[in-house]
Amino acid sequence: FEVSNWFDTGSVEHLNKAKTNYIQKYKVLDKHEESIYFIDNAVIKFFNDSNLCINRVKRATVLDGLIPKVVKHSDNFYKYELVDGDLLSNVITESKLKNLISWAETNLWTPVDVDKSIFMSRCKNFYITKTKQRIQQYLISNSLYDRSEKINNVEVPSCEDLLNMINWENMCLTEPVNFHGDFILDNILYKDGFFMLLDWRQDFGGEIIGGDKYYDLSKLNHNLTINHEMLHNNYYFINKTKDNTCCDIFRSQNMVQCQQTLINVLEQKGIDTNKVKILTSIIWLNMAPLHVYPLNNFLFYFGKYNLWREICSIKY
């Protein structure tokens, strides 16, 4: 038997070259410490951190009925049923977005019995401590220091100053609810008017039962600006010079309209949209050190710039 063509997948470099020669049915953002496999009618997730995997399985019990059924698990793997449906990111409309929020309020964001003082402490750790650590991680890995600088021709204060301008007591004053943790369109299946959640987060600041609805909403708002398709096709731009950093992203009109619909719906429900927008920028800053060049730079400067814009909108 003669093989006419073959690919060496024994290294990351050669594996990436091999991937360019095959059409993948599912688009997945590669991550260093976890992987996903589609085998027959099942999805298998691998996690380098066994605690993360175990907690995801525990949360599967809490989210029962809202996520695919987990049929098997071990220390570093779990397996769940492959569910038929469209990724909501591929079929989203303003109408479907409104239905999603109504569905989540009824089925997902339900109150849980968690000590509120302890929960506020977890929120502060999740939003303040973790964000400072992630910013420092990004700066160190890129040999940078925290400073005021021009982004999109606007003078933006240092990250430390920006974080000190936020009313964290208000940001962390929230009711604990059941939650997803990565509530983005790419993690939601849609079929015949029904929603199914995928790739749920293992905890919220160490808490398995309760999380913050505002974090889920901010994740959704983030995803209406930055989603997997845009990143996969490099629909973002960043150019750093000595005196200024320019960053922007190319978005579909549908996503722009859906995001405005989201803000309108939240305002009608009395939800603090300034809080959602601030947390959205915080999410981008937290994501920056988890990705490689040039996406890491884009997320950092885009997050810093938009955080300053939102703080200014509240101040003035």
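Residues numbered from 1 in each chain as written. Predicted model: local features only at pLDDT ≥ 70, side-chain atom pairs only at ≥ 80, totals over all residues. Heavy atoms only, no water.

Caption draft 1: Looking closely at the sheet that holds strand β10 (residues 194–197). The 3 strands are arranged β5-β9-β10 in an open sheet whose pairing can be described as antiparallel. In the strand order of this sheet, the two ends are held by β5 (86–87) and β10, each with one partner. Relative to β10, strand β9 (residues 188–191) runs antiparallel, the two being bridged by 4 bridges. Bridge pairing in β10 places Y190 opposite F195. Along the sheet, helix α4 (residues 94–107) makes contact with β9 and β10, crossing β10 at roughly 65°. (Pairing = 2+ DSSP bridges. Helix = DSSP H or I, 4+ residues; strand = E, 2+ residues; numbered from the N terminus. Contact = heavy atoms within 4.5 Å. Axes fitted to C-alpha atoms, helices over the stretch in contact; angles between N-to-C directions.)

Caption draft 2: View of the sheet that holds strand β2 (residues 42–47). Ordered in space as β1-β2-β4-β3, the 4 strands form an open sheet in which the pairing is antiparallel. Among the strands making up the open sheet, the edge pair consists of β1 (34–39) and β3 (70–73). Ignoring strand direction, the axes of neighbouring strands in this sheet form an average angle of 20°. Both β3 and strand β4 (residues 77–81) contribute to a ladder of 3 bridges, which runs antiparallel. Each residue of the ladder has a partner; that of K72, found in β4, is K79.

So, to be careful, I would describe these as geometric facts and stop short of saying anything about function.
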